[in-house]
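Observations on the three-dimensional arrangement
Now for the letters of each chain:
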Amino acid sequence: MSAASLSAWARRQTQLTFLASGTEFRLGRAEDCPLPPAALAAVSGDEPWVRACLDDGLTARVYRLRLAGRDWALKVARRPCRVQNPDGQTSFLNELQRRRDFARLMRTPEQAERLAGIVPTQYASLQQGIILSPWVEGRRIERWDERQLTELFDLLIALLLAGLFEWDLAAGNTLDDGRIRLFDFGYLYPFDPLRQYNSDGLASPGFHVAERFETRQLFACLLRLERESEAQALADFELEKRIALDAYQRLQQELAARGASQGVLDWLDDIMRRWRAALTGNLGALYLQEAWRSHWLDVKDDLSGQSCTPLTLQRLAWLRDKATTQHAELLAGGALANERRPDREALLDDLRQAEAQAIRWQLRDTRSAEGV
Ligand SMILES: Nc1ncnc2c1ncn2[C@@H]1O[C@H](COP(=O)(O)OP(=O)(O)OP(=O)(O)O)[C@@H](O)[C@H]1O
Ligand SMILES: [Mg+2]
């Protein structure tokens, strides 16, 4: 998902070796399944106990089941996975490993409380390619309000402090049933929060949970909102930044109390200083920078997985518009610092090429993903 680092590389290699060995990895007990696991694994979708089939996930097909008086989510792995890169290939195994981590963490009542937004696992098997969880009767979020943002960041901070970094905070991976729920752990990786920025170690300081949320989800919402009212989009952005700032302050205090390295504490300081300055100064300038980063990163991510959607094209249209009309502001604010060729014409050229690829790599039978 990002620049290679030793820890990411090592994690990937270990997982690929594990997969190649054909070893089974199971969670839960078959006796606790409402049907024998083999019957679940053989689901075709026509069974009377199947209430619905969600076919738009990239890693899996998800069935809503009605069994033993309850509703369940049955996730059946796609083979091959529709994300054409090693992180995609290892995502189902990774999800099982993280669900095992959660089962362990939840044994502590305090952790169970802080991680209550994590959907539990009833049963899972790597070789059978299934994960069974309680069904969440929730809805996707079109516009994030204060409660939702607060719950999301509380949960993300709890994950970070437990040594887990979530990369894929896309709209399809968050549900609200009165509480924000996370249930897709294909790109949730372990890391050391006291010494590393994220699961890439110290290689990619640009990636942190607020950035992940903005990149994978929030700016898709704001893109939609901008069409109605730029002032509303800016107000929603301000709310998110205030809540993220509050969460990061608490995160930093806790990391400091646990003896985190100065490098990690300073890194968080820099991020917070920038947000604080914008919240009391020019918020519009920060919006432009963060929106540019979010749209461009997400487009590159879609291209690298060859998993593009209509949203990829909408993001590209926004990028083209800003490269044309606000190139000087982008340059001055640092948004183009990582560009190989930051001048306007070269940038527009790169965007045109990205657009051609995005058209070529549109996923078939995918609903306009991420809710746009
Ligand atoms: N426990 C659950 N309760 C309700 N809905 C669920 C549950 N688990 C999954 N879903 C639904 O199924 C969809 C796909 O699930 P999930 O994100 O786990 O699959 P995926 O294939 O890994 O997705 P992707 O790789 O595209 O992120 C979700 O967007 C959600 O709508
Ligand atoms: Mg998902």
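The written sequence of each chain sets the order in which its residues are numbered from 1. The order in which chains are written sets their letters, starting at A; the order in which ligands are written sets their numbers, starting at 1. At least 70 in pLDDT is required for a residue's local features to be given in this predicted model, at least 80 for side-chain atom pairs to be given and counted, and no such filter applies to totals for whole chains, interfaces and linings, which use all residues. Side-chain measures were taken over the full set of non-hydrogen atoms in the model, leaving aside hydrogen atoms and water.

1. A look at empty space enclosed by the protein
- Here a cavity means grid points, on a 1 Å grid over the protein atoms only, where a 1.4 Å probe fits yet cannot get out; a pocket means an open set of points with protein on both sides within 12 Å along at least five of seven lines; lining residues are those with an atom within 4 Å of a point. Grid points are joined across faces, edges and corners, and a volume is the space filled by probe spheres set on the points. One pass over the structure, following the stated rule, counts two cavities of 30 Å³ or more.
- In this model, the largest cavity occupies a volume close to 100 Å³.
- Lining the largest cavity are 14 residues, with Leu160, Tyr197, Leu251, Trp267 and Leu268 positioned closest to its centre.
- Those elements giving two or more residues to the lining of the largest cavity turn out to be helix 8 (230-257) and helix 9 (262-279).
- Here the lining of the largest cavity is composed, by residue class, of 12 nonpolar, two polar and no charged. Secondary structure follows DSSP: runs of H or I at least 4 residues long count as helices, runs of E at least 2 residues long count as strands, and numbering of each begins at the N terminus. Each residue is assigned to one of three groups, with Ala, Val, Leu, Ile, Met, Phe, Trp, Tyr, Cys and Pro labelled nonpolar, Asp, Glu, Lys and Arg labelled charged, and all others, Gly among them, labelled polar.

2. Notes on the packing of helix 10 (residues 283-304) against helix 13 (residues 344-360)
- Orientation is described by axes fitted as lines to C-alpha atoms, over the contacting stretch for helices, and by angles from 0 to 180 degrees between their N-to-C directions. Following both chains from N to C, one finds helix 10 and helix 13 inclined at 45 degrees, their axes separated by 10 Å at the closest point. Considered as vectors, helix 10 and helix 13 are oriented oblique to each other. The two elements helix 10 and helix 13 cross, and the hand of that crossing is left-handed. Contact residues: Trp292, Trp296 and Leu303 in helix 10; Leu347, Asp350, Leu351, Ala354, Gln357 and Ala358 in helix 13.
- Within the contact of helix 10 with helix 13, the residues separate by chemical class into seven nonpolar, one polar and one charged. Roughly parallel means an angle under 35 degrees; roughly antiparallel means over 145; roughly perpendicular covers 65 to 115; every other angle is labelled oblique. Handedness of a crossing follows from how the near helix is turned relative to the far one, being left-handed for an anticlockwise turn of less than a right angle and right-handed for a clockwise one. Every residue pair with non-hydrogen atoms within 4.5 Å of one another is taken to be in contact.

3. Topic: the site of ligand 1
- We call a residue near a molecule or strand whenever a single non-hydrogen atom of that residue lies within 4 Å of it. The environment of ligand 1 is formed by 18 residues, the closest being Thr59, Ala60, Lys75, Val136 and Gly172.
- Within the backbone of Val136, an N or O atom sits 2.8 Å from a nitrogen atom of ligand 1.
- Definition of a polar contact: a pair of N or O atoms within 3.5 Å, with one able to donate and the other able to accept a hydrogen when the atoms are protein atoms, and with sequence-neighbouring residues admitted only if both atoms are side-chain atoms. Residue Gly172 places a main-chain N or O atom 2.6 Å away from an oxygen atom belonging to ligand 1.
- Within the residue set of the shell around ligand 1, elements represented by two or more residues are strand 3 (60-67) and strand 4 (70-77).

4. Some remarks on helix 9
- The end-to-end C-alpha distance of helix 9, which contains 18 residues, comes to 25 Å, matching closely the 26 Å that a straight helix rising 1.5 Å per residue would cover.
- Whether a residue is buried, partly exposed or exposed follows from its accessible area with a 1.4 Å probe, protein chains only, as a fraction of its type maximum: under 20%, in between, or over 50%, in that order. Those residues of helix 9 that fall on the buried side of the exposure criterion are Val264, Leu265, Trp267, Leu268, Ile271, Met272, Trp275, Ala278 and Leu279. One face of helix 9 carries all of its buried residues, which in axial projection span an arc of 160 degrees.
- As for helix 9, its buried residues are in contact with helix 7 (209-228), helix 8 and helix 10. Multiplying 1.5 Å by the helix residue count minus one yields the expected span of that helix. The directions from the helix axis to the C-beta atoms form the arc being described.

5. As for the domain arrangement of the chain
- Annotation of the chain at the domain level lists domain 1 (6-263) and domain 2 (282-371).
- For the domains described, the bounds stem from an automatic or database domain assignment. The C-alpha centroid of domain 2 is placed 25 Å from the C-alpha centroid of domain 1.
- Taken together, the contacts link 27 residues of domain 1 with 28 residues of domain 2.
- Reported buried area values correspond to the accessible surface (1.4 Å probe) lost by two parts on association, with both partners' losses combined. Together, the buried faces of domain 1 and domain 2 total about 2,400 Å²; carbon and sulfur atoms form 53% of this surface.
- We define a salt bridge as a side-chain nitrogen of Lys or Arg found within 4 Å of a carboxyl oxygen belonging to Asp or Glu. Scanning the region where domain 1 abuts domain 2 turns up three salt bridges.
- The partner of Arg216 in a salt bridge is Asp298, and the shortest N-O contact between them spans 2.4 Å.
- Inspection of the domain 1/domain 2 interface yields seven residue pairs in polar contact (both at pLDDT 80 or more).
- At the level of elements, helix 7 and helix 8 are the ones that each hand at least two residues to the side of domain 1 that touches domain 2.

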